[in-house]
Amino acid sequence: MPAPRTERPVRIGYARTSTARQELASQLEALHRAECHKVFKEQISTRIKVRPELEKALALARQFKEAAPETPVIFTVHELKRLARNAAELMTLSAELQAGGIQLELLTGPLTGIYDPNGMGAMFFAVLAVAGQIERNHIREKTLEGQVTAAAKGNHGGRPKVIDDDMLTFAVALKDKGVPVPEIAKKLVIKTGKNAGKNPSVASLYRALAEAEEAAADDSLPLRPKPVRIRRPEEPLTPEEIDLRERLRAQPRPNTEIRSWTP
């Protein structure tokens, strides 16, 4: 059960988004309504192990507890996913809170309340992490189901991608080889929409690469393409290799000499 609220605790708030396109306002508003003594905020991916503002928030919470051991100190977040994305991270945080005698508060969700990481609380933190992962998987599955249903009706929704999946795979491969992103952008050509035939902007390519890495990290999936097998000259091409060859041949190469390529 959540720990009961006590009189006049010291709350330290923390708000986070993964990308600059996500907004912090709703989190900050909720934290201010909770009467946090100080709120720390940052826009940083959970895949980055060191989050400076999170470390500052935890350090301040420890300082308050050391200065006034009898005063309840509560580390407050809007929702669990702003704090950690897997059980390992959450258990690490649980150990830090337990060592400092600091409680954790969740402002939204079915488990809204204040929780003490001591004793059974440490196990409860792990349960929270699993529940969060199940919820994300459910949302992802429902989203994919909706997309498949819409596609079957001929409604693909949204604007055409400036950088489609094939272009992104090609860009990732070049980036892994050390090619600068501005040079990669010159090798890509937009296939559809009002900018068809043009190169995507460098900013769009940076954003697509960052979002792909973010999605791969959150899903615990590899972003890099699978290594290709080594094929002997006398071996026939696989259907996948034939398809890749045709797509590469169809990809325009602006400002470069077009040469035939035989695998």
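Anything mentioned here points back to the structure above.
Throughout this description, residue numbers start from 1 for each chain and increase along the sequence as written. Only residues with pLDDT of 70 or above have their local features reported here, since the model is predicted, and side-chain atom pairs are shown and tallied only from 80 upward, although totals for entire chains, interfaces and linings are computed over all residues. Excluded from the side-chain calculation are hydrogens and water; included are all heavy atoms of the structure.

### Comments concerning the overall build of the protein
A run of H or I in DSSP counts as a helix once it spans at least four residues, and a run of E counts as a strand once it spans at least two, with each numbered from the N terminus. On a plain count of helices and strands, the protein comes out with eight helices and five strands. Going from the N terminus to the C terminus, the protein shows its helices and strands as β-α-β-α-β-α-β-β-α-α-α-α-α. A 1.4 Å probe and the Shrake-Rupley method give the accessible areas. Residues count as covered only by the protein chains that appear here. Summing over all exposed atoms, the protein offers an accessible surface of approximately 16,900 Å²; the carbon and sulfur share of this is 57%.

### Thoughts on the environment of Pro-52
Tracing the chain through its elements places Pro-52 in helix α2 (residues 52-67). What Pro-52 contacts, discounting residues up to four positions off in sequence, is Glu-42 and Ile-44. Any two residues whose heavy atoms approach within 4.5 Å at even a single point are treated as in contact.

### Some thoughts on the sheet that holds strand β5 (residues 113-115)
Each pair of strands is called paired provided DSSP finds at least two bridges between the two strands. Spatially, β2-β1-β3-β4-β5 is the arrangement adopted by the five strands of the open sheet, whose pairing is mixed. The sheet is open, and its two borders are formed by β2 (38-43) and β5, each paired with just one other strand. Each neighbouring strand pair of the sheet contributes to a mean axis angle of 25°, computed without reference to strand direction. Contacts from helix α1 (residues 25-33) reach β1 (10-17), β2 and β3 (73-77) within the one sheet, and its direction differs from that of β1 by about 175°. Strand contacts of α2: β1, β2 and β3, with the helix running at about 160° to β2, the strand carrying the most contacts. Note on definitions: angles span 0 to 180 degrees between N-to-C directions of axes, and those axes are lines fitted to C-alpha atoms, for helices only across the stretch in contact.

### A closer look at the packing of aromatic side chains
Each pair of aromatic rings taken from Phe, Tyr and Trp, with Trp reduced to its six-membered ring, is defined by centres within 6.5 Å and is described as stacked if the planes are under 30 degrees apart, edge-to-face if over 60, and tilted in the remaining cases. Applying the stated criterion across every chain yields a total of one aromatic pair. For the pair Tyr-14 and Phe-75, a centre-to-centre distance of 6.3 Å together with 25° between the ring planes defines the contact as stacked. Here the residue Tyr-14 occupies a position in strand β1, and Phe-75 occupies one in strand β3, the gap between them amounting to 61 residues. One exposure class covers both Tyr-14 and Phe-75, and it is buried. Placement of a positive charge over a ring is assigned whenever Lys NZ or Arg CZ falls within 6 Å of the ring centre and within 35 degrees of the normal to the ring plane. Seen from the ring of Phe-40, Lys-38 lies directly overhead, with NZ or CZ sitting 5.3 Å from the centre. The buried label applies to any residue whose accessible area, calculated with a 1.4 Å probe on protein chains only, is under 20% of its type's maximum; exposed applies above 50%, and partly exposed to all values in between.

### A closer look at the pairing of strand β4 (residues 103-106)
Here β4 shows a buried face lined by Gln-103 and Glu-105 and a second buried face lined by Leu-104 and Leu-106. In the sheet, β3 pairs with β4 via four bridges, with the strands oriented parallel. Paired with Phe-75 across the bridge in β4 is Leu-104. Relative to β5, β4 is paired through three bridges, and the arrangement is antiparallel. Within the sheet, the bridge partner assigned to Leu-106 lies in β5 and is Gly-113. Linking β4 to β5, which pair antiparallel, is a turn of six residues; within it Gly-109 sits at a positive phi near 100°.

### Let's talk about the nonpolar core
Side-chain atoms within 4.5 Å are what join buried Ala, Val, Leu, Ile, Met, Phe, Trp, Tyr and Cys residues into a set we call a nonpolar core. Core analysis: the largest hydrophobic core is formed by 21 residues, its most contacted members being Ile-12, Tyr-14, Phe-75, Val-77, Leu-83, Leu-97 and Leu-104. Listed by contribution, the elements that provide at least two residues to this core are β1, α2, β3, α3 (87-100) and β4. Top contributing element to this core by residue count: α2, with five residues. Grouped together as the second largest cluster of nonpolar side chains are 14 residues, Leu-168, Val-181, Leu-188 and Ala-208 included.

### Section: α2
Multiplying 1.5 Å by the helix residue count minus one yields the expected span of that helix. With 16 residues, α2 should reach 22 Å at 1.5 Å per residue; the first-to-last C-alpha distance of 23 Å fits that figure. All of the buried residues in α2 are Glu-53, Leu-54, Ala-57, Leu-58, Leu-60, Ala-61 and Lys-65. Buried residues of α2 fall within an arc of 160° about the axis and therefore sit on the same side. Away from its buried face, by an angle of more than 90 degrees, α2 presents the exposed residues Glu-66 and Ala-67. Working definition: the arc comes from the directions between the helix axis and the C-beta atoms, pointing outward to the latter.

### So, unusual backbone geometry
The phi angle at Glu-35 is positive, at roughly 65°, despite the residue not being glycine. Of note, Glu-35 is situated in the loop between α1 and β2. A relative accessible area of 67% places Glu-35 in the exposed class.

### Quick word on the pattern of salt bridges
Counted as salt bridges are all cases of a side-chain nitrogen of Lys or Arg within 4 Å of a carboxyl oxygen of Asp or Glu. In total, this model carries seven salt bridges according to the counting rule given. Glu-29 is paired through a salt bridge with Arg-33; the nearest N and O atoms lie 3.2 Å apart. With a gap of four residues between them, Glu-29 and Arg-33 both fall in helix α1, about one helical turn apart. One salt bridge connects Arg-62 with Glu-96, and the closest N-O pair in it is separated by 3.6 Å.

In short, geometric facts, not functional conclusions.
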